[in-house]
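Examining the three-dimensional arrangement
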Amino acid sequence: MCYIIAAFAVLTAVTNLLGDEVTPFFVWGMYSEKEKPVRDVEILQTTINDDTVINVYNYSNGDTRFYLASPLAYFKKIKDNNNQDPTITFLQTKLRAHYNNIRPFERSLFNTGPQQQEFLNWYARYLHQVTVIPVNSLRVEVVHAHYTSQNLVTDSVNLFATWQKH
């Protein structure tokens, strides 16, 4: 048992020194630098039927807040990454040539074209379920803002996505 533990420790140390992060215990990238204060923020603002702005903090259930904000933020990351799931980009960078072993499973594992095209339909159904408002149209805007010592100041608002019920 001593030899197994020693071999594991040596193997882990060597692979980490070579730049491979082989275990969740020694991921050096997590500790590489101090957290920097946030000055600029990007907020996704969803409007239903041109008159109801969704405030995720109006919902006390943490799951509801999560599903209102996180999938939409990830959808924006996909769009910002040239319509490619950022997880694919990350794995291609990490695995390099070994990524070819995963490539046949891309359509079932990641958010590819069909899932991306269906997202706003799903999001509209979810908004209807949560708000109990019939959703005929959606508008998602990206609000760029910054903090001052007093409050949050809006710098710009850009249209990100729209959806219309068919």
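Refer to the structure above for everything that follows.
First things first, this report covers the structure right here in the doc. Everything numeric here is computed off the predicted structure, so don't read it as measured data.

Turning next to the sheet that holds strand 2 (residues 52-53). Taken together, the four strands give an open sheet; going across it, the order is 2-1-3-4, and neighbouring strands pair in antiparallel fashion. Either end of the sheet is taken by a strand with one partner, and the two such strands are strand 2 and strand 4 (152-164). Of the strand pairs in this sheet, strand 3 (residues 137-147) and strand 4 are connected by eleven bridges, and their pairing is antiparallel. Looking across to strand 4, one finds that Tyr147 is bridged to Leu152. In this fold helix 2 (residues 62-80) packs onto strand 1 (40-48), strand 3 and strand 4, with an angle of close to 110° to the strand it touches most, strand 1. The sheet contacts of helix 5 (residues 113-131) involve strand 1, strand 3 and strand 4, and relative to strand 4 the element is tilted by about 110°.

Turning to helix 2, a few remarks are in order. With 19 residues, helix 2 extends 26 Å between its outermost C-alpha atoms, agreeing within 8% with the 27 Å of an ideal straight helix rising 1.5 Å per residue. Following helix 2 by one or two positions, Asn82 has its phi on the positive side, about 55°.

Scoring rules and cut-offs
Residues numbered from 1 in each chain as written. Predicted model: local features only at pLDDT ≥ 70, side-chain atom pairs only at ≥ 80, totals over all residues. Heavy atoms only, no water. Pairing = 2+ DSSP bridges. Helix = DSSP H or I, 4+ residues; strand = E, 2+ residues; numbered from the N terminus. Contact = heavy atoms within 4.5 Å. Axes fitted to C-alpha atoms, helices over the stretch in contact; angles between N-to-C directions. Expected span 1.5 Å × (residues − 1).

Everything listed here is a matter of coordinates, which is why it stays silent on function.
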